[in-house]
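In case you want the letters, here they are:
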Amino acid sequence: MVTSASVGVGSLVWVEDPDEAWIDGEVVGVTDGDVKVLCTSGKMVVVKSSNVYPKDAEAPPCGVDDMTKLAYLHEPGVLHNLKSRYDINEIYTYTGNILIAVNPFRRLPHLYDSHMMAQYKGAAFGELSPHPFAVADAAYRVMINEGISQSILVSGESGAGKTESTKLLMHYLAYMGGRAAGEGRTVEQKVLESNPVLEAFGNAKTVRNNNSSRFGKFVELQFDQRGRISGAAIRTYLLERSRVCQVSDPERNYHCFYMLCAAPPEDLQRFKLGNPKSFHYLNQSNCYEIDGLDESKEYTITRRAMEVVGISSEEQDAIFRVVAAILHLGNIEFAKGKEIDSSVPKDEKSWFHLRTAAELFMCDVQALEDSLCKREIVTRDETITKWLDPESAAVSRDALAKVVYSRLFDWLVYRINSSIGQDLDSKNLIGVLDIYGFESFKTNSFEQFCINLTNEKLQQHFNQHVFKMEQEEYTKEEINWSYIEFIDNQDILDLIEKKPGGIIALLDEACMFPRSTHETFAQKLYQTFKNHKRFTKPKLSRSDFTICHYAGDVTYQTELFLDKNKDYVIAEHQALLNASTCSFVSSLFQPSSEESSKQSKFSSIGTRFKQQLQQLLETLSVTEPHYIRCVKPNNLLKPAIFENANVLQQLRCGGVLEAIRISCAGYPTRKPFYEFVDRFGILAPEVLDGSADEVTACKKLLEKVGLQGYQIGKTKVFLRAGQMAELDARRTEVLGRSASIIQRKIRSYMARKSFILLRRSVLYIQSVCRGELARQVYESMRREASCLRIQRNLRMHLARKGYKDLCSSAVTIQTGIRGFAALNELHSRRQTRASVVIQCHVRKFLARLHYVKLKKAAITTQCAWRGRVARAELRKLKMAARETGALQAAKNKLEKQVEELTWRLQLEKRMRADLEEAKTQENAKLQSALQEMQLQFKETREMLAKEREASKKAAEQIPIIQEVPVVDHGLMDKLASENEKLKTLVSSLELKIDETEKKYEKTSKLSEERLKQALEAESKIIQLKTDMQRLQEKVSDMKSENQILRQQAFTTPVKQVSEYPSTPATKILENGHNVTEETRAYEPQSSTPSKMSVTELDSNVKRPPIERQHENVDALIDCVMKDVGFSQGKPVAAFTIYKCLLHWKSFEAERTSVFDRLIQMIGSAIENQDDNEHMAYWLSNTSTLLFLLQRSLNTAGATPLKKPPAATSLFGRMTMGFRSSPSTVNLAAAAAALVVRQVEAKYPALLFKQQLTAYVEKIYGIIRDNLKKELGSLLSLCIQAPRTYKGNVLRSGRSFGKDSATNHWQGIIDSLNSLLSTLKENFVPPIIVQKIFTQTFSYINVQLFNSLLLRRECCTFSNGEYVKSGLAELELWCCQAKEEYAGSSWDELKHIRQAVGFLVIHQKYRISYDEIINDLCPVLSVQQLYRICTLYWDDNYNTRSVSADVISSMRVLMTEDSNNAVSNSFLLDDNSSIPFSVDDLSNSLQVKDFSDVKPAAELVENPSFQFLQE
């Protein structure tokens, strides 16, 4: 440990405290080896100077993440650092490469999600905040890169979080070495799911932990050459079997018992279970439930986990049947039997549980009773049966329960291992050891003895590793370390396991003698080890012994040592369960060959455990170890409580302080050169003059201060214990002298400032007095001047008033005279106007009468002349109409046929309706007649029945009278005749019904035939109408053509018509009309006659169409595979492809291979994904082609474009003919508007559009990811500012830091500019460019913000200024790129902008929580703000973070949301989705932009692609 070298008044120190272990204070006095300290608690203590440890006054308030960075590496410094970090929820801390994990007793899901795993993947050890993922990643990287097997040792006392840490390691290793999804249940899934199974059967609630592992576990994960998990094996050590039968309050038995009691009702009924309180093995403690744990849900989870690891449902039922049988065994009580020292089940309840246990074990009830109550002793001559008394029977019962549970647990481990499978070819593995920590209770038995032996062995391994790491550190720094001593605990290991003569050997020897007791065993120990320095005998005990372990003295009670060490199965129990009819139970107790051949050889648990431990250490010795020490902060198992004494004891037990002791034996203080010079440069400023580098400055500085025994490494200064305190003491003296000088200067400055202020006040008072006198003189002068002005204004007012009265009187008289004259003038003017109006109306009437006569004569003349002109025009039209007379006649004939067929159809429908109506009426009449006859027949039968009943009653009433046969023949004949009539009537009705049905069938057949004829007639009518419509169209076309020809005949000379005979046909085709065979014959001649020979024309005609189409497609693909460039800012390749597909009508084809060829062409073109310029070219083409398809393709349900209605009148057709004439001026504009036209798309076209969309998204993602990859390496350098130091500026003007470091932010700007230029050159649509940079800025925001939260060295004031300057560069870039391309990129940086803005605020402690969340950082969550506030430290100005009230407010809010995983996550996720849709792309472009685009020049020269020029 580091002791005090020199302690002066004012020094900050640590002193021991009985309550808090260590407490800090300030030295107020030093006298002859005694130090007087004023503690922060307020009390004054006096201690020896040797018991005082220095405190680092410049240590960060929230601690350091690696305790090797502490200036003073001693016990109170380590404890205070852990407590400081625990207070801000930083539960992980490094000590070199050892991770210390303090249990937070709360869920922190944001620390362990997949995003956090991705952050630690590949990160250098120590680069990010301490975490188990960092340890696992370091082990995995060393294994992959160097091929060395690794091991991770997780230790700590019960409740420290070993199991949870192990789970985290397993999850991360499964994340790194797992297979892809969809490969079935992989090895890593089975390994992870084995945890719930082993926890259910091997974990229990103890006083210190709700989920304490009562066994040790070592998991070997085997990896293949690619780093994938290929196999695994689980080894377990020393299951606590005694817990099955003995549970102390308030602990619980193993979880599986309580899960089974909370199983579904059908399982409870089958196993005859109930409340846990009714079972002896569970009701020994009053604790049956754990807060927040649902046993029924855990039961379901355990069974699901069993299924995942390969345990079938039948085996699961057998497992829980055995567990239920153990519970029933515990309820069997015994009483004295009839024989001496015999025993029998006590009562009917015990008999019930005995029978139930036998039923569940599937064995004989009597055999089970005999195995519990009797014992067979085999001698040479005979076998003797011995009865057991009730106490021995209970011991036998408990022994059976323990051995059954132990065998069941071993079978589970074996079954999990066999299901997972081992990779025998694997050469690399990572082992994770989750084993019990050092234990020391009031009562320590055989389990604690074995556990502490394990920790002694592991501590020796740990010490060797720490010593080795120290050696590697010294070797790497090239310093001398040969004199450093190694601390070993081999003497304790020899005491326990030396053979012969060790404690375990003596215990085995005592177990082999039948009459040995724990007292004789204890006496043997006392005699053997009475002189051993590590072994002592307690004074007040006859059978206890004490061993001085590395973590402290532990006293063991030997009462149960012999029983717990015996490892054998009672023969009766073995035979009973081996004979079970249940294959599962019998398999647990199959006799092995070793047991049958070596029945007489003794086997002990201690020896077997020692062998397992030796195998474990052999495995660990061939691996490179990594250590995680788990610490429980308090025994209350509650969050936010840190008990110093408890943690300190665990640090001793965990070997952390031992590691510090090893470190202190060498050079405990290690400072990098720049930190050393920065901190102690003020001790000798003169040595900095002319120094070339930091190493030389450090050497001169140490020589100047006169230290001895230090070492100068390659990158650090190594100081011996106490030297850091000595340097700090000298530094404190220098700072004290400097403070005195500063105070003197300040006092003189304050006095001068006070004098200047006093003099300034006197001068001010004088000036005020003089000013007051001047103001009074001025006031008297002003009053005198005011009086004179008032008098003058009053005289002026009186004179002006008299003048105004006189003037108004004169004006009134003048007004009256002028008004009278004006009235006379008005009267005369009215008379003159009335006479003028009368004259006007008379003249108008005369002129109108003359005009009407003249107009009538003109109209008569015009009508006569127009009639003459119209008659001449009519004669011309009649001559033109005679040419279409035949077609008009055919049309009339077809119309007559249609009318005739329509009339016939209507007549047929009327006849069919009449027939249906008559048939319906006749059927109704027949049915009514039939119903009447049925009613009559029914009434007649009822009358006959009544008469028969009446005759029977009459015969019964007169039995005495002799029967005389009287027959009324008349009545009988009448009835018979009526009966015959009814029969004939019924038969006739049946005949009529049959005839009616036949008529109905004939009528229905006839109606069906007529219906068919009607449908055929309708189809013929429809066909005729279609033919007629086509004829009408032809007639209208011919009329329009005739009109065009006539118009051309009037306008074009005869010579021009003969030279260009095919021009009208070509123009009609361009306007969309149907082309006749005659015009098609002229078509090849009219297209580029100068460039097409006759032989080429013949070959094109003779070649099959399919072959020509394939050649055309090949030519198109060959052309667009080249870089054909851009036209009018649009890609030529995309436009050319679209025009070809539109001309070939590929969009409307049911089957075509063109689209597949194009998709293959695009896929092969983008294989080189690293060339952004090439990818941008194809992104521009594919996105433009997708836009054109989006605007063109209509699905089957879409409304097609409507044709303009055909003109019906003669003048209308003539007008249309003139509009379609080639001499019109608007042909070019119409062609430009029809560049993109809509077509009915078939399935291949729609599929091609989907595939093209996928390629646009793929190319977009490639360009975006390339930019992210390029920026990733720069961002890791941009988050932390280049190192600058407070004391490193030399007087020569040079500094130790590299001031000329590369501006990494400029590298980011260059990358952004380069990509933007590339995208602009390739005319990528602006919306896609916006999305690329928006997502890139979001990625920058995520990377910078997450690094800020994960790395404490980044959360500083100077680093905030550096990042803020870089963000200003990005803002400038966004302004220069303009919104067209940058979009909302700057808004994506809101998290890092607000975080950096908070870092560079000077007076943070004055800011309230509401100001932070509302004004400064409204976007950041509470968790993010809390993280920044607790990590913040000022490396330049030593400014404080926010106040304690703000921190407490954040902590309260975080506690309220602690169960919400989303709210607890403080890291940001990078969104890699596609942020735009096809509709967004379609809305961003305009069709009119493609009107002037020119196709590929290479294809235009090809005769087959002449349509591209249209």
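Everything quoted here is computed from the prediction, not taken from an experiment.

Draft legend 1. Fine view of the environment of Ile1447. When you line up the elements, Ile1447 lands in helix α46 (residues 1444–1456). The exposure class of Ile1447 is buried, given its relative accessible area of 13%. Expressed as a C-alpha distance, the spacing of Ile1447 and Tyr1409, which sit 38 residues apart in the sequence, is 8.6 Å. Apart from the residues within four sequence positions on either side, Ile1447 is in contact with Tyr1426, Cys1429, Thr1430 and Val1442.

Draft legend 2. Structural context of a negative patch on the surface. A cluster of like negative charges, contributed by Glu990, Asp994, Glu995, Glu997 and Glu1001, occupies part of the molecular surface. You can see Glu995 is positioned in helix α28 (residues 969–1051). The partly exposed category is assigned to Glu995, whose relative accessible area is 47%.

Draft legend 3. View of a nonpolar patch on the surface. On the surface, a cluster of nonpolar side chains totalling about 420 Å² of accessible area is made up of Ile742, Ile746, Tyr749 and Met750. In this fold, Ile742 is placed in helix α26 (residues 723–882).

Draft legend 4. Summary view of the pattern of salt bridges. Within the structure shown, the criterion is met by 38 salt bridges. Linking Glu333 and Lys346 is a salt bridge whose minimum nitrogen-to-oxygen distance equals 3.6 Å. Residue Glu333 is located in the loop between α9 (313–330) and β13 (334–336), and its partner Lys346 is located in the loop between β14 (343–345) and α10 (348–361); the two are separated by 13 residues in the primary sequence. For the salt bridge of Lys457 with Glu497, the shortest nitrogen-to-oxygen distance reads 3.0 Å. A residue pair is termed long-range when its members are at least 10 positions apart, and Lys457 in helix α13 (residues 446–477) and Glu497 in helix α14 (residues 490–497) qualify at 40 residues. Several salt bridges share partner residues, and in doing so they unite Arg214, Glu240, Arg243 and Glu251 into one network.

Draft legend 5. Region of the structure containing the pairing of strand β3 (residues 34–39). Of the two faces of β3, only the one carrying Val35, Val37 and Cys39 is buried; Asp34, Lys36 and Leu38 on the other face are not. Between strand β2 (residues 21–31) and β3, which pair antiparallel and follow one another directly, the connecting turn spans two residues, one of which, Asp32, has a positive phi of 45°. Across five bridges, β3 lies against strand β4 (residues 44–48) in antiparallel orientation. Bridge pairing in β4 places Asp34 opposite Lys48. What sits between β3 and β4 in their antiparallel hairpin is a turn of four residues, with Gly42 showing a positive phi close to 105°.

Draft legend 6. Quick peek at the packing of aromatic side chains. A complete count under the given rule lists 37 aromatic pairs for this structure. Aromatic side chains Tyr140 and Phe223 sit 5.7 Å apart centroid to centroid with 65° between the ring planes, which places their arrangement in the edge-to-face category. Residue Tyr140 is found in helix α3 (residues 132–146), and its partner Phe223 is found in strand β11 (residues 216–223); the two are separated by 83 residues along the sequence. Ring pairs connect the aromatic residues Phe446, Phe449, Phe521, Phe529, Phe535, Phe545, Tyr556 and Phe561, which therefore count as one cluster. Positioned above the aromatic ring of Phe1398 is the side chain of Lys1404, whose terminal nitrogen or guanidinium carbon lies 5.9 Å from the ring centre.

Draft legend 7. Molecular detail of the nonpolar core. Among the nonpolar cores identified, the biggest contains 261 residues, and Phe201, Phe257, Phe1147, Leu1370 and Trp1373 are the most heavily contacted of them. Among residues more than four places away in sequence, those in contact with Trp1373 are Ile1309, Leu1312, Asn1313, Leu1316, Phe1333, Phe1337 and Ala1382. Phe446, Cys450, Ile496 and Phe561 belong to the second largest nonpolar core, which has 50 residues in total.

Draft legend 8. Looking closely at the confidence of the model for the chain. Residues at a pLDDT of 70 or more form 85% of the chain, whose mean pLDDT is 80. Within the model, pLDDT remains below 50 along residues 1–5, and this stretch shows 22 contacts once partners closer than five positions in the same chain are excluded. Of the regions scoring below 50 in pLDDT, residues 1197–1233 engages in 26 contacts with residues more than four places distant in sequence or in other chains.

Draft legend 9. Examining empty space enclosed by the protein more closely. Tallied over the full model, the rule gives ten cavities of 30 Å³ or more. If you go around the largest cavity, you meet 19 residues; those closest to its centre are Asn89, Glu90, Leu111, Arg1427 and Phe1466. For the lining of the largest cavity, the secondary-structure elements that each account for two or more residues are α2 (114–120) and α45 (1422–1431). With three residues, the single largest contributor to the lining of the largest cavity is α45. The residue inventory of the lining of the largest cavity, partitioned by class, reads twelve nonpolar, five polar and two charged.

So, how was this worked out
Residues numbered from 1 in each chain as written. Predicted model: local features only at pLDDT ≥ 70, side-chain atom pairs only at ≥ 80, totals over all residues. Heavy atoms only, no water. Helix = DSSP H or I, 4+ residues; strand = E, 2+ residues; numbered from the N terminus. Buried < 20%, exposed > 50% of the residue type's maximum accessible area, 1.4 Å probe, protein only. Contact = heavy atoms within 4.5 Å. Patch = residues over 30% accessible without salt bridge, like charges linked within 9 Å, V, L, I, M, F, W, Y side chains within 5 Å. Areas by Shrake-Rupley, 256 points an atom, 1.4 Å probe, with all protein chains shown as cover. Salt bridge = Lys/Arg side-chain N within 4 Å of Asp/Glu carboxyl O. Lys, Arg positive; Asp, Glu negative; His and termini not counted. Charge placed at Lys NZ, Arg CZ, Asp CG, Glu CD. Pairing = 2+ DSSP bridges. Phe/Tyr/Trp six-rings, centres within 6.5 Å; stacked < 30°, edge-to-face > 60°. Lys NZ or Arg CZ within 6 Å of the ring centre and 35° of its normal. Core = buried A, V, L, I, M, F, W, Y, C linked by side-chain atoms within 4.5 Å. pLDDT = per-residue confidence, 0-100. 1 Å grid on protein atoms, 1.4 Å probe; cavity = no way out; pocket = protein on both sides within 12 Å on 5 of 7 lines; lining within 4 Å. Points joined across faces, edges and corners; volume = space filled by probe spheres on them. Nonpolar A, V, L, I, M, F, W, Y, C, P; charged D, E, K, R; others polar.

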